[in-house]
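# Overview (structure and organization)
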Amino acid sequence: VPGMPVRFRMGEFCYRGADSGSTNLIGHKVAAFGVIVADVRTYRPFIDTVRSAITAQLETAGHHLVDRGPDVIITGDLAKFGVTTSISLSSWDAIGSLDITVKFHSSSNPHDLLMRRYQLKNVSKTVLGPSKKDFEQVMRDRIEDMQKKMASDAELAEMLRSKTR
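Residues numbered from 1 in each chain as written. Predicted model: local features only at pLDDT ≥ 70, side-chain atom pairs only at ≥ 80, totals over all residues. Heavy atoms only, no water.

Moving on, we come to the nonpolar core. Soluble globular proteins tend to pack their nonpolar side chains together in the buried interior. By size, the foremost hydrophobic cluster in this structure holds 34 residues, and its most contacted members are Ile-54, Ile-74, Phe-81, Ile-100, Phe-104 and Met-146. Elements that contribute at least two residues to this core include exactly β1 (7-15), α1 (46-60), β5 (72-87), β6 (92-106), β7 (113-124), α2 (132-151) and α3 (154-162). With residues up to four places along the chain from it excluded, the contact list for Met-146 reads Val-50, Ala-53, Ile-54, Leu-98, Ile-100, Tyr-118 and Leu-120. (Core = buried A, V, L, I, M, F, W, Y, C linked by side-chain atoms within 4.5 Å. Buried < 20%, exposed > 50% of the residue type's maximum accessible area, 1.4 Å probe, protein only. Helix = DSSP H or I, 4+ residues; strand = E, 2+ residues; numbered from the N terminus. Contact = heavy atoms within 4.5 Å.)

Leu-156, Met-159 and Leu-160 are the residues of α3 that are buried. Axial view of α3: buried residues confined to an arc of 95°, hence all on one face. The elements touched by buried residues of α3 are α1, β5, β6, β7 and α2. If you check the start of α3, you find a side-chain oxygen 3.1 Å away from the backbone N of Glu-155, and it comes from Asp-153. (Arc of directions from axis to C-beta. Polar contact = N/O pair within 3.5 Å; in protein donor to acceptor, adjacent residues only side chain to side chain.)

In this section: the pairing of β7. Note: β6 against β7, twelve bridges, orientation antiparallel. When the sheet's bridge partners are listed, Thr-101 is paired in β7 with Arg-117. Counting the residues between successive antiparallel strands, the hairpin from β6 to β7 contains six residues. (Pairing = 2+ DSSP bridges.)

Where nonpolar side chains cluster on the molecular surface, the patch consists of Phe-33, Val-35 and Val-37 and spans about 360 Å² of accessible area. With respect to the secondary-structure elements, Val-35 resides in the loop between β2 (25-30) and β3 (36-41). You can call Val-35 partly exposed: its relative accessible area is 45%. (Patch = residues over 30% accessible without salt bridge, like charges linked within 9 Å, V, L, I, M, F, W, Y side chains within 5 Å. Areas by Shrake-Rupley, 256 points an atom, 1.4 Å probe, with all protein chains shown as cover. Salt bridge = Lys/Arg side-chain N within 4 Å of Asp/Glu carboxyl O.)

With that settled, the discussion passes to the pattern of salt bridges. Throughout the structure, instances matching the rule amount to nine salt bridges. One salt bridge connects Asp-93 with Lys-125, and the closest N-O pair in it is separated by 3.2 Å. Taken as a pair, Asp-93 in strand β6 and Lys-125 in the loop between β7 and α2 lie far apart in primary sequence, 32 residues in all. For Lys-125, a relative accessible area of 62% translates into the label exposed. Its salt-bridge partner being Glu-158, residue Arg-161 comes within 3.1 Å of it at the nearest N-O pair. You can see Arg-161 and its partner Glu-158 sitting in helix α3, three residues apart, about one turn around the helix. Judged by its relative accessible area of 34%, Arg-161 is partly exposed.

On to the pairing of β6. In terms of residue burial, β6 counts as a mostly covered element, since 14 of its 15 residues are buried. In terms of strand pairing, β5 meets β6 through 15 bridges, oriented antiparallel. When the bridges of β6 are listed, Val-72 appears paired with Ser-106. The antiparallel pairing of β5 with β6 creates a hairpin that spans four residues between the two strands.

Right, let's get into the environment of His-105. Positionally, His-105 belongs in strand β6. With 59 residues separating them along the chain, His-105 and Phe-46 place their C-alpha atoms 23 Å apart. Separated by 2.8 Å, the side chains of His-105 and Thr-75 make a polar contact.

Relative orientation of the contacting elements α1 and α2 amounts to 35°, with a least axis distance of 10 Å. Helix-helix and strand crossings are classified by hand; for α1 and α2 the assignment is right-handed. Contact residues: α1 offers Thr-49, Val-50, Ala-53, Ile-54, Ala-56, Gln-57 and Leu-58, while α2 offers Ile-143, Met-146, Gln-147, Met-150 and Ala-151. Classifying every residue of the contact of α1 with α2 by side-chain character gives nine nonpolar, three polar and no charged. (Axes fitted to C-alpha atoms, helices over the stretch in contact; angles between N-to-C directions. Left-handed = near helix turned anticlockwise from the far one by under 90°. Nonpolar A, V, L, I, M, F, W, Y, C, P; charged D, E, K, R; others polar.)

What follows is the structure in structure tokens.
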């Protein structure tokens, strides 16, 4: 029956970024001449934040997260999740970036795989320099952009519809 909810399980999500030593350092606030004035960190590991956002998007679409017996297993490779700053004569901007490849595996056919790469970037202009709130907002916006892309992806919706039992 088309439109039935799919049962999904969240598999492994790996961070493959250049600075993969920290699970919650997402960038630096950089002043003139490249001087780092502050680290920007998340309260929880950012890979968990991205996994939770994907789970929430699928649950909002009516699908069910399960531990056993999934129709679809979702894994991902996170290449970038972070913030930086750029400075000009008129502004000191917060820049948020998200680059993730999400893989939707059919549990019944290992060759049935749908991959999606979400590359998202945004600049938030500030005059006095980005605040903690500015950094949080640019990253929240990137996650919401990813969720919107998932929600409007007809091929992903069709793949999920085809996997219901």
